Amino acid sequence: ETGVTQTPRHLVMGMTNKKSLKCEQHLGHNAMYWYKQSAKKPLELMFVYSLEERVENNSVPSRFSPECPNSSHLFLHLHTLQPEDSALYLCASSQGLAGPYNEQFFGPGTRLTVL
Amino acid sequence: KNQVEQSPQSLIILEGKNCTLQCNYTVSPFSNLRWYKQDTGRGPVSLTIMTFSENTKSNGRYTATLDADTKQSSLHITASQLSDSASYICVVSGGAGYNKLIFGAGTRLAVHP
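Residues numbered from 1 in each chain as written. Chains lettered and ligands numbered in written order. Predicted model: local features only at pLDDT ≥ 70, side-chain atom pairs only at ≥ 80, totals over all residues. Heavy atoms only, no water.

**A closer look at the overall build of chain B**
When helices and strands are counted, chain B shows zero helices and eleven strands. Helices and strands in chain B line up, N terminus first, as β-β-β-β-β-β-β-β-β-β-β. Taking 2.2 N^0.38 as the reference for a compact globule, 113 residues should give roughly 13 Å; the C-alpha atoms of chain B span a radius of gyration of 14 Å, in line with that estimate. Each of the 113 residues in chain B was classed as buried or not, and the buried ones make up 48%. In chain B, 56% of the contacts between residues at least 6 apart in sequence involve partners at least 24 apart. Counting only carbon and sulfur atoms, one obtains 50% of the accessible surface of chain B, whose full area is about 5200 Å². (Helix = DSSP H or I, 4+ residues; strand = E, 2+ residues; numbered from the N terminus. Rg over C-alpha atoms; globule rule 2.2 N^0.38 Å. Buried < 20%, exposed > 50% of the residue type's maximum accessible area, 1.4 Å probe, protein only. Contact = heavy atoms within 4.5 Å. Areas by Shrake-Rupley, 256 points an atom, 1.4 Å probe, with all protein chains shown as cover.)

Structure follows, in structure tokens:
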């Protein structure tokens, strides 16, 4: 285990549902990330938080809403999603944002299916 | 455009054999290059990280090389095991205020008995 947990591990939702993904890191890191991983595509960075402040929103549609209440927790609130949003959503954390050895530790991901 | 390209897309080898995965990148400025292993249904786990001045780095049976002049990297797996079956992702970090990671699409490796 990397010290980053994600719940739920699997989620099936309809297009009109509202759900939330949760990420928790037990590493004392200051930065947290949300990534989307679609089949046979590179990981796509969605959001970056540093010290609970959002530092990047990588042109993500507003139907995805992140929340970072403290440096250990990160949420991704979902509403009115589309079937093409079905993917593996990965959370990661790192000690800081900069530096060559600023390694990101990934959680196991949430497999999301939108019907 | 900052890109990371990996080859082959997929690879099947027999247990005990060696293999080499390739990564070409066009990221600039360059900060460091990482190789991750991602098991099915799991998050990526770091194998190696190399900066501009490092040519090679090993982690057990995994050896990564970096040629910063040609912007190429390789990951060599020695004496493959069934547990090596996974996706291997090349990730390049480019300075943009912070170390933004640019991911390759990965090479899916299957090791057969």
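Okay, back to it.
**What to know about unusual backbone geometry**
Put simply, Thr7(A) and Pro8(A) share a cis peptide bond, and its omega is -10 degrees. Tracing the backbone shows Pro8(A) in the loop between strand E1 (4-7) and strand E2 (10-13). The omega angle of the peptide bond from Ser7(B) to Pro8(B) is -10 degrees, so this bond is cis rather than trans. Mapped onto the elements, Pro8(B) comes out in the loop between strand E1 (4-7) and strand E2 (10-14). One non-glycine residue with positive phi stands out, namely Lys71(B), at about 60 degrees. Inspection of the secondary structure assignment puts Lys71(B) in the loop between strand E7 (62-67) and strand E8 (72-77). Note on Lys71(B): relative accessible area 30%, which makes it partly exposed.

**Side note on the nonpolar core**
Residues Val4(B), Tyr25(B), Leu33(B), Trp35(B), Leu75(B) and Tyr88(B) are the most contacted members of the largest nonpolar core, which totals 25 residues. Broken down by secondary-structure element, the contributors of at least two residues to this core are strand E3 (19-25), strand E4 (30-38), strand E5 (45-51), E7, E8, strand E9 (86-95) and strand E11 (107-112) of chain B. Excluding its chain neighbours within four sequence positions, the residues that come into contact with Leu33(B) are Cys23(B), Tyr25(B), Thr48(B), Ile49(B), Met50(B), Leu66(B), Ser73(B), Cys90(B), Val91(B) and Val92(B). With 22 residues, the next largest nonpolar core counts Val4(A), Cys23(A), Phe47(A) and Leu76(A) among its residues. (Core = buried A, V, L, I, M, F, W, Y, C linked by side-chain atoms within 4.5 Å.)

**Comments concerning the sheet that holds E7(B)**
Residue and element names in this part refer to chain B. Read across the open sheet, the five strands follow the order E1-E3-E8-E7-E6; overall the sheet is antiparallel. A single partner strand is all that each edge strand has here, and the edge strands are E1 and strand E6 (56-59). Strand-to-strand twist of the sheet, defined as the mean angle between neighbouring strand axes without regard to direction, takes the value 15 degrees. Direction of pairing for E1 relative to E3: antiparallel, over a ladder of four bridges. Residue pairing in the sheet places Glu-5 in a bridge with Asn-24 of E3. (Pairing = 2+ DSSP bridges. Axes fitted to C-alpha atoms, helices over the stretch in contact; angles between N-to-C directions.)

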